[in-house]
Amino acid sequence: MDRIAITGGARLNGEIPISGAKNSAIKLMAASLLTEEPLRLTNMPRLADTRFLGRLLQRLGTEVVESDGAEGPETLLTTREIVSGFAPYDLVRQMRASFNVLGPLLARSGQAKVSLPGGCTIGARPVDLHLKALEALGAKIDLHEGYVYAQAPRGLQGGQVEFPFVSVGATEHTLLAAVLAHGETVMTNAACEPEITDLAECLNRMGAKVSGAGTPTITIQGVSRLSGATHAVLPDRIETGTYALAAAMAGGEVRLTRTRSDFIQALIDKMVEAGVEVTPHNDGLTVKRNGGRLKAVEITTDPYPGFATDLQAQFMALMSLAEGESVIRETIFENRFMHVPELGRLGADISVHGGEARVRGVESLEGAQVMATDLRASVSLVIAGLAARGETIVNRVYHLDRGFERLEEKLGACGAQVRRLKGDGGEEVE
Ligand code: UD1
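Owing to the predicted nature of the structure, the values given are computational and were not obtained by experimental measurement.

### So, helix H2 (residues 48-60)
The periodicity of an α-helix, 3.6 residues per turn, causes residues three or four places apart in sequence to face the same way. Between its first and last C-alpha atoms H2 spans 19 Å; for 13 residues at 1.5 Å apiece the expected length is 18 Å, and the two agree. Regarding H2, the residues found buried are Asp-49, Thr-50, Phe-52, Leu-53, Gly-54, Leu-56, Leu-57 and Leu-60. With its phi angle positive at about 125°, Gly-61 sits one or two positions after the end of H2.

Following this line, the structure appears as structure tokens:
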């Protein structure tokens, strides 16, 4: 298993181009199940998660061709016919978002058998809202031995879908099913994340009739068929926020390009409050910090446009060196503080009580061996390592590879001392 070694202390100076959003790309890829025509996705991130979903789609009947176009990496997905409506446990377990193939399979071919995703390290993460929404669209759902058997022999019907609380995945899943339902679907209390808007825009390019995406009420007029389209994946706001925090942690000046600062406004407000200089520009933002300790500030994670839960661990790393005590409240997932003991190994002083972490800033961190526990937690350890004295080694970096494209290269180009160690033996690779 690969590891990442970081020698702390180097300031970051330079430019980091941001990739297409992982969380958008995997839902857009699933949209290719809705049409027999080719869907061309540009600005695609090349990540373990996108490769993984590509393999599942191939089993279902999608032809997946990756190439490098003028605008960067692209993927052409063509599903002439659905050859199988079966998504087995082994595949869905490895990446939860694979579950979102259920809706499009059902919408296009009237039946599907998809494994329940099972538990997840950052909380229970059930899929009850997904299933209730599909039932509201007329699907007959049965659960047996860990599988969802779904049927809609005469097609899905538009319906009213009222979510009791905001779910990104369930909102996307409903969109992916309702676009081919007969009649109108109205979703209320829908998630407003930019990835929802991106999916709706792509579906509309394919001939769908979706309005209101980006607001809590989304209306979909079902159509009988969708066509192919070309769509550019929106920039990854979590990657953007992560590198903004890396620059703030290490000090220096980093320009983040090919992205949008408005996607991370809640983070920028907190960074500025803590004492970081942030300047938005047309193509992204510049983050600057010269000397001096940052001030502790409080954050509470919330659905978009609130502070993203996917940036909570990284922000905690920054606060571990701030002056004073920072309170970090996690409201989206119940078990999302697994990075706390690992940050503690580097010398951070953090205690957790329920959904609240108290971070008492220390003067310095010291490099150590740490363990990546999930995707965002693992990158918080890299960020902490950038400012720690000596060497930090992050084990189990496959978590990082799921969501961060060429991390060592991007940070290394700005002067960070980050290298990948191949396998447990510590043999280094370029
Ligand atoms: C997506 C993102 C993830 C991000 C999260 C919140 C992807 C692949 N992942 O995850 O990175 O952290 O949004 O911004 O896009 N819930 C239920 N029942 C359901 C569905 C959700 O109880 O049927 C709960 C979850 O357990 C969680 C909360 O709702 O506590 C929000 O989850 P949700 O917004 O659905 O997150 P994901 O779509 O899984």
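Picking up where we left off.
### Remarks on the pairing of strand S21 (residues 356-360)
Within a regular strand, the side chains alternate between the two sheet faces. Burial along S21 is one-sided: the residues Ala-357 and Val-359 are buried and none of Glu-356, Arg-358 and Arg-360 is. As paired elements, strand S19 (residues 325-329) and S21 share five bridges and run antiparallel to each other. Across the sheet, the residue bridging to Val-327 is Arg-358, located in S21. In this sheet, S21 lies alongside strand S20 (residues 349-353) in antiparallel orientation, the contact comprising five bridges. Within S21, the residue paired with Ile-350 across the bridge is Val-359.

### Section: the sheet that holds strand S2 (residues 12-17)
Here we have four strands laid out as an open sheet, ordered S2-S15-S17-S16, and mixed in their pairing. This sheet does not close on itself; its edge strands, each paired only once, are S2 and strand S16 (277-281). Strand after strand, the sheet turns through a mean of 10° between neighbouring axes, direction not considered.

### Topic: the pairing of strand S23 (residues 391-395)
Buried residues dominate S23, accounting for four of its five residues. Pairing between strand S1 (residues 3-7) and S23: four bridges, direction antiparallel. Across the sheet, residue Ala-5 finds its bridge partner in S23, namely Ile-393. Two elements, strand S22 (residues 369-371) and S23, share three bridges in a ladder whose sense is parallel. Across the sheet, residue Val-370 finds its bridge partner in S23, namely Val-394. Note on the crossover from S22 through helix H12 (residues 375-387) to S23: the handedness is right-handed.

### Considering the confidence of the model for the chain
Confidence in the prediction of the chain, expressed as mean pLDDT, is 94, and 97% of residues score 70 or more. Low pLDDT (under 50) marks residues 426-430, which in the prediction has ten contacts with non-local residues, meaning those over four places away or in another chain.

### Things to note about the side chain of Ser-378
For Ser-378, the position within the fold is in helix H12. Side-chain polar atoms of Ser-378 contact the backbone oxygen of Leu-375, separated by 2.6 Å. The residues contacting Ser-378, other than those within four sequence positions of it, are Ala-372, Val-394, His-399 and Leu-400.

### Brief notes about the site of the ligand
Near the ligand lie 20 residues; those nearest to it are Asp-128, Ser-167, Val-168, Asp-310 and Ile-332. The separation between an oxygen atom of the ligand and a polar main-chain atom of Leu-129 is 2.7 Å. Between an oxygen atom of the ligand and a side-chain N or O atom of Ser-167, the distance comes to 2.6 Å. About the coverage of the ligand: the protein hides 87% of its 740 Å² of free accessible area. Among the secondary structure elements, those contributing two or more residues to the shell around the ligand are helix H1 (22-31), helix H5 (128-136) and helix H6 (168-178). By residue class, the composition of the shell around the ligand is nine nonpolar, five polar and six charged. The two domains that each donate at least three residues to the shell around the ligand are domain 1 (3-19 + 235-428) and domain 2 (22-229).

### Focus: the packing of aromatic side chains
Each aromatic ring pair is characterised by the separation of its centres together with the angle its planes make. Here the structure, examined in full by the defined rule, presents two aromatic pairs. Sitting over the ring of Tyr-147, Lys-113 keeps its end group 4.8 Å from the ring centre.

### Points about the sheet that holds strand S14 (residues 229-232)
A sheet is described by the order of its strands in space; here four strands give the open sequence S4-S5-S3-S14, paired in mixed fashion. Every interior strand has two partners, whereas the edge strands, strand S4 (63-69) and S14, have only one. Neighbouring strand axes in the sheet, compared pairwise and without regard to direction, differ in orientation by 20° on average. On top of the sheet, helix H7 (residues 194-205) reaches strand S3 (39-42) and S14; it is set at about 160° to S14, its chief contact.

### Some points on the domain arrangement of the chain
By domain assignment, the chain separates into domain 1 (3-19 + 235-428) and domain 2 (22-229). Between the C-alpha centres of domain 1 and domain 2 the distance comes to 30 Å. Every contact between the two is made by 22 residues of domain 1 and, on the other side, 21 residues of domain 2. Sorting the residues of domain 1 by area buried against domain 2 places Tyr-304, Arg-402 and Glu-405 first, and these three jointly supply 31% of that buried surface. In this assembly, domain 1 and domain 2 are joined by two salt bridges. The shortest N-O distance in the salt bridge between Asp-49 and Arg-402 comes to 2.9 Å.

Reading the values: rules and limits
Residues numbered from 1 in each chain as written. Predicted model: local features only at pLDDT ≥ 70, side-chain atom pairs only at ≥ 80, totals over all residues. Heavy atoms only, no water. Helix = DSSP H or I, 4+ residues; strand = E, 2+ residues; numbered from the N terminus. Expected span 1.5 Å × (residues − 1). Buried < 20%, exposed > 50% of the residue type's maximum accessible area, 1.4 Å probe, protein only. Pairing = 2+ DSSP bridges. Axes fitted to C-alpha atoms, helices over the stretch in contact; angles between N-to-C directions. Right-handed = clockwise from strand over helix to strand, strands pointing away. pLDDT = per-residue confidence, 0-100. Contact = heavy atoms within 4.5 Å. Polar contact = N/O pair within 3.5 Å; in protein donor to acceptor, adjacent residues only side chain to side chain. Near = heavy atom within 4 Å. Areas by Shrake-Rupley, 256 points an atom, 1.4 Å probe, with all protein chains shown as cover. Nonpolar A, V, L, I, M, F, W, Y, C, P; charged D, E, K, R; others polar. Domains from an automatic or database assignment. Phe/Tyr/Trp six-rings, centres within 6.5 Å; stacked < 30°, edge-to-face > 60°. Lys NZ or Arg CZ within 6 Å of the ring centre and 35° of its normal. Buried area = accessible area lost by both parts, 1.4 Å probe. Salt bridge = Lys/Arg side-chain N within 4 Å of Asp/Glu carboxyl O.

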